[in-house]
Amino acid sequence: MPEITSLMSLVERIIKRVEDGTLMEGFEESIHRGSATGHICVVQDGDEADGLLLLVRLAIMRCPSNDPAVFHQRLLRLNHALRGKMAFSVSDDEVVYLTAGRNVEDLDPGEIIDLILGTSEEADTYDDLLLTEFGEEYAL
């Protein structure tokens, strides 16, 4: 259970920075939950010149090479089931990620908790599920 304690400590630090206006572009911290690893960062919002996004991104696995169309269809169905709260993506180097982001300006403490703990929990669940389904040899 130390991972949750560590994540809660990070959540508390981010909430404090949002409340006092010191959460700025360039903020980045690594996170780990179960077998999922990734990072939390603040980046410029491409849609708003002065807007910032708090992003949570965790690596899930390498893309299976045996039947990529079936795998990508599976990811699309999972994205649909996640109802826009977070989404799977594939990087140029064929690593699958689960990512969620929210506008920093609109965040309240409950949303920060949900964003970080919810996304990391889903990543830990789905990495196990997808590796079981498509092959442990694609683990990171």
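Before reading on, note that the structure itself is shown above.
How each quantity is defined
Residues numbered from 1 in each chain as written. Predicted model: local features only at pLDDT ≥ 70, side-chain atom pairs only at ≥ 80, totals over all residues. Heavy atoms only, no water. Helix = DSSP H or I, 4+ residues; strand = E, 2+ residues; numbered from the N terminus. Expected span 1.5 Å × (residues − 1). Polar contact = N/O pair within 3.5 Å; in protein donor to acceptor, adjacent residues only side chain to side chain. Pairing = 2+ DSSP bridges. Axes fitted to C-alpha atoms, helices over the stretch in contact; angles between N-to-C directions. Contact = heavy atoms within 4.5 Å.

S.K.: Please set out helix H3 (residues 109-134) residue by residue, giving values where relevant.
M.R.: A rise of 1.5 Å per residue sets the reference length of H3, with its 26 residues, at 38 Å; its end C-alpha atoms lie 37 Å apart and thus fit the reference within 8%. Capping of H3 at its N-terminal end is provided by Asp 108; its side-chain oxygen lies 3.0 Å from the backbone amide nitrogen of Gly 110. The first or second residue beyond H3 is Gly 135, which carries a positive phi of 130°.

S.K.: Can you break down the sheet that holds strand E5 (residues 95-103) residue by residue, with the values?
M.R.: In space, the five strands of this open sheet follow the order E1-E2-E3-E5-E4, with antiparallel pairing throughout. Each edge of the open sheet carries a strand with a single partner, namely strand E1 (28-33) and strand E4 (87-90). On average, adjacent strands in this sheet sit at an angle of 30° to one another, irrespective of strand direction. As judged from the six bridges shared by E1 and strand E2 (residues 36-44), these two strands associate in the antiparallel manner. The residue of E2 that forms the bridge with His 32 is Thr 37. The sheet strands contacting helix H2 (residues 68-81) are strand E3 (52-62), E4 and E5, and the helix crosses E4 at an angle near 155°.

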